[in-house]
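Working through the structure, step by step
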Amino acid sequence: MKIRCIHFDMKSMFPKVDFLLGMLDNLAEMGYTHILLEFEDKFPFESYPDAVRNTAYTKDDFRRVAEKCRQLGIGVIPLLQSIGHLHYFLKEPAYRKWSENGNIYQWCLSQRETYDIWTAMTDEILDIFPDCVYFHIGADEMSFKSPCPLCAGKDQFQLFVARVNECADYIIAKGKQPLVWDDVFRKHEFSESGDLLSKVIPCVWQYREINKDIIKRYAEAGIRYWAASRIQSNEHRYAGMGKQRPHLQNVDDWADIQAEYPAEGHIGTLWGRIQSLDPINSTLPQGMYVAAYLAESLLHGKIKDRHAFNCDFAKNFFGLPDLNMDILSYGFGNEPAIVKKELEKYLGKAPRNGEYLEIWHAFNEIDVLFGYVDHCFSSNQGLLSSYRKGLVTDGILNNWSDGVRITRERTEDLTQKLEATLGKVYPMPELREFMEERFMSMLEINEKWGEILRETASKPHL
Ligand SMILES: [Zn+2]
C-alpha cells in the first residue's frame, strides 16, 4: 500500500503541539506516510475568527507540525469540509445566515458566498501547508431533505455534484489532488456524477461490516479509490479507553478486501467527536495500539497471528517484552479492573514511550469508576420497587448510601488525578470539558439516588 495515512481529528480533545510532534516520530516509525489533518475549529482562521475555538493551534504551531512532517517524510493532507459537517462554523450567530434552511449541519449551495468562504479558508490552510500533494474536501453525509426556498425545485444531487466539482477544480488549479469521502456518490449511479469521480479520489469508508459490492462497483468502473477503516472509537460507551477489538476486526476485514481490490491509499480514521456538537469520543494517544496494528497490516498484509503481533508491539513499542498486550487488547473497555492490574505493573518502568501507558491507565481509571457506578446504580434500579414498599433493611440502605457517597468521593479524586496526568498531554480547558461530559450527568443521577435513599430511610422499613 503506497499511501498509509492516519487521521488527526482535531475536533476531539487534541494533544498539545509538543506532544503531537513526539507522536509523529512514533507514527513515522510504524510506517505511516501521511496524516489527514481535519482542523474544524482548531485552525486560527483569520477570515472567520468566530469559528475558532480558544484552544486552537496557532499558525506557528501548525508550521512546526509541517516542518516536523517534512523532516520525517510524512505528507500532510489537509481536510476542509466543503458542504456538510459544518456545525462548528454555522452554529455561530454571525454565520447562521449561510445554513441550509436553518440546518446548521450544511450550508446553502445556492448562496454564492458559501463557496467564497470555503476558498478563503482553503487559502489560509494552503498558506501553512504549501507542499501538500493531496487536499480532502469532505463532502460526506449530505442531506437532501428540506431545501431552502433558493434550493427548492433544483435537483439536489446535481446541486451537490456541481459544488463538489467547483471545489475540486479549485484544488486542482492549486496543483493538488482532491480527495472526497465516497458515501453520497455510492448511493447514486456513477454516471450521475459526470466526470467528477475521475478528478477526485473517493475514500471509501466502512467502519463495521464491509460491503464488498461497494468496492467492486468502483473497481469495475475503473475508479481508483482509497479505503478508510476506523481505528479507535468510544461508541459503545462514552467512558474511558473504549473497546479495541472491533477495530482490529475492521482492519483485518479491510486487508482481505484490499488483497482482492487493491486500493491506492488507506486512511485509519480516529473520530474525536462523531459530529462537532457531540461529546468527545476518543483521542489520538488512545489509538496508538490499533494504529500500529493497521500500519503492520498495510505494510505486510493481513495479520495472521494477533498474539505474535501483540508480543512484538509490547517489546518494540515499549521495550517491555513481558507486558501482556493480549490482556490490554481485549480488556480495554471490557475488563477495566484486569487492565488496571496489568498496567500498574509497568507504570514508570517502560524504557520508551511510557507516557502512553500512563495515558491509557488514566483513561482506564474512568472505566474502573464507571464499572463501580454501574454496580451501584444497576442494583438500585432492581431494588427501587422494594424501597417503595418498605421491604429493605437498614443494612441494604446503608450499603447503598455508602455507594452514593463513595461515587462522589472517587469522582472528585479521579478528577484531580486526570488533571495531573492527562493535563500534561491535552490543553486544560479541553480536559475539563471532557471530564464535565463524562461526569456531570453521572453525578446528577448519583445525587438523585441519594435523595431516593434519604426519603426511603425516613419512612418505615425493615
Ligand atoms: Zn439553499
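The structure presented is a predicted model; accordingly, all values stated were derived computationally and were not measured.

1. What about the coordination of the zinc ion?
When four donors bind a metal tetrahedrally, each ideal donor-metal-donor angle is 109.5 degrees, and when six bind octahedrally, the ideal angles are 90 or 180 degrees. Here the zinc ion is held by the protein donor atoms Glu100 (OE), Cys108 (SG), Cys148 (SG) and Cys151 (SG), which lie 2.2 to 2.3 Å from it. Each of the four donor atoms bound to the zinc ion contributes to angles spanning 103 to 117°, and the resulting shape is tetrahedral. All donors of the zinc ion come from a single chain, and their spacing in sequence reads E-x7-C-x39-C-x2-C. In this structure, Cys148 and Cys151 share a single accessibility class: buried.

2. Some thoughts on the packing of helix α9 (residues 245-260) against helix α10 (residues 288-300)
Two numbers describe how α9 lies on α10: the axes approach to 10 Å, and their chain directions differ by 15°. The orientation of α9 relative to α10 falls into the category roughly parallel. Our pair here, α9 against α10, has a crossing hand that is right-handed. Taking contact as the criterion, the partners of His247, Leu248, Val251, Asp252, Ala255 and Gln258 in α9 are, on α10, Tyr289, Val290, Tyr293, Leu294, Ser297 and Leu298.

3. Here we look at the nonpolar core
Proteins that are soluble and globular tend to have nonpolar side chains buried together. Ranked by size, the top nonpolar core spans 145 residues in total, and within it Phe8, Phe89, Phe160, Phe318 and Trp360 carry the most contacts. In terms of residues, this core owes the most to one element, helix α14 (residues 354-389), which gives 13 residues. Aside from chain neighbours lying at most four places away, what touches Phe318 is Phe313, Leu323, Ala350, Pro351, Arg352, Asn353, Tyr356, Leu357 and Trp360. Counting residues in hydrophobic clusters, the runner-up holds 16 residues, among them Ile3, Cys5, Trp205 and Ile267.

4. Examining unusual backbone geometry
Outside of glycine, negative phi angles account for most residues, and trans bonds account for most peptide bonds. At Glu141, a position not held by glycine, the phi torsion is positive, near 50°. For Glu141, the position within the fold is in the loop between β6 (134-136) and α5 (156-173). Look at Glu141 and you get partly exposed, because its relative accessible area is 36%.

5. Re the domain arrangement of the chain
On domain assignment, one finds that the chain holds domain 1 (3-304), domain 2 (308-344) and domain 3 (367-457). The C-alpha centroid of domain 2 is placed 30 Å from the C-alpha centroid of domain 1. Each partner contributes to the interface: domain 1 provides 14 residues, whereas domain 2 provides ten residues. Here domain 1 packs against domain 2, burying approximately 1,000 Å² in sum over the two surfaces, 73% of which is carbon and sulfur. Run the count over domain 1 and domain 2 and you get three residue pairs in polar contact (both at pLDDT 80 or more).

6. A few points about helix α2 (residues 59-72)
One turn of an α-helix holds 3.6 residues; hence residues three or four places apart share an orientation. Here α2 spans 20 Å end to end across 14 residues, near enough to the 20 Å set by a 1.5 Å rise per residue. Listed in full, the buried residues belonging to α2 are Lys59, Asp61, Phe62, Val65, Ala66, Lys68 and Cys69. In this structure, the buried side of α2 is in contact with α1 (17-30), β2 (34-38), β3 (75-79) and α4 (112-128).

7. Side note on the pattern of salt bridges
In this structure the tally under the stated criterion is 36 salt bridges. One salt bridge in this structure joins Asp131 and Arg70, with 2.9 Å as the shortest N-O distance. Here Arg70 lies in helix α2 and Asp131 lies in the loop between α4 and β6, a separation of 61 residues in the sequence. The salt bridge partner of Arg306 is Asp252, with a shortest N-O separation of 2.8 Å. A residue pair is termed long-range when its members are at least 10 positions apart, and Arg306 in helix α11 (residues 306-318) and Asp252 in helix α9 qualify at 54 residues.

Thresholds, definitions, all that
- Residues numbered from 1 in each chain as written.
- Predicted model: local features only at pLDDT ≥ 70, side-chain atom pairs only at ≥ 80, totals over all residues.
- Heavy atoms only, no water.
- Donors = N, O, S within 2.8 Å, 3.2 Å for Na, K, Ca; no water.
- Tetrahedral: all angles 85-135°; square planar, octahedral: opposite > 155°, others 65-115°.
- Buried < 20%, exposed > 50% of the residue type's maximum accessible area, 1.4 Å probe, protein only.
- Axes fitted to C-alpha atoms, helices over the stretch in contact; angles between N-to-C directions.
- Helix = DSSP H or I, 4+ residues; strand = E, 2+ residues; numbered from the N terminus.
- Parallel < 35°, antiparallel > 145°, perpendicular 65-115°, else oblique.
- Left-handed = near helix turned anticlockwise from the far one by under 90°.
- Contact = heavy atoms within 4.5 Å.
- Core = buried A, V, L, I, M, F, W, Y, C linked by side-chain atoms within 4.5 Å.
- Domains from an automatic or database assignment.
- Buried area = accessible area lost by both parts, 1.4 Å probe.
- Polar contact = N/O pair within 3.5 Å; in protein donor to acceptor, adjacent residues only side chain to side chain.
- Expected span 1.5 Å × (residues − 1).
- Salt bridge = Lys/Arg side-chain N within 4 Å of Asp/Glu carboxyl O.

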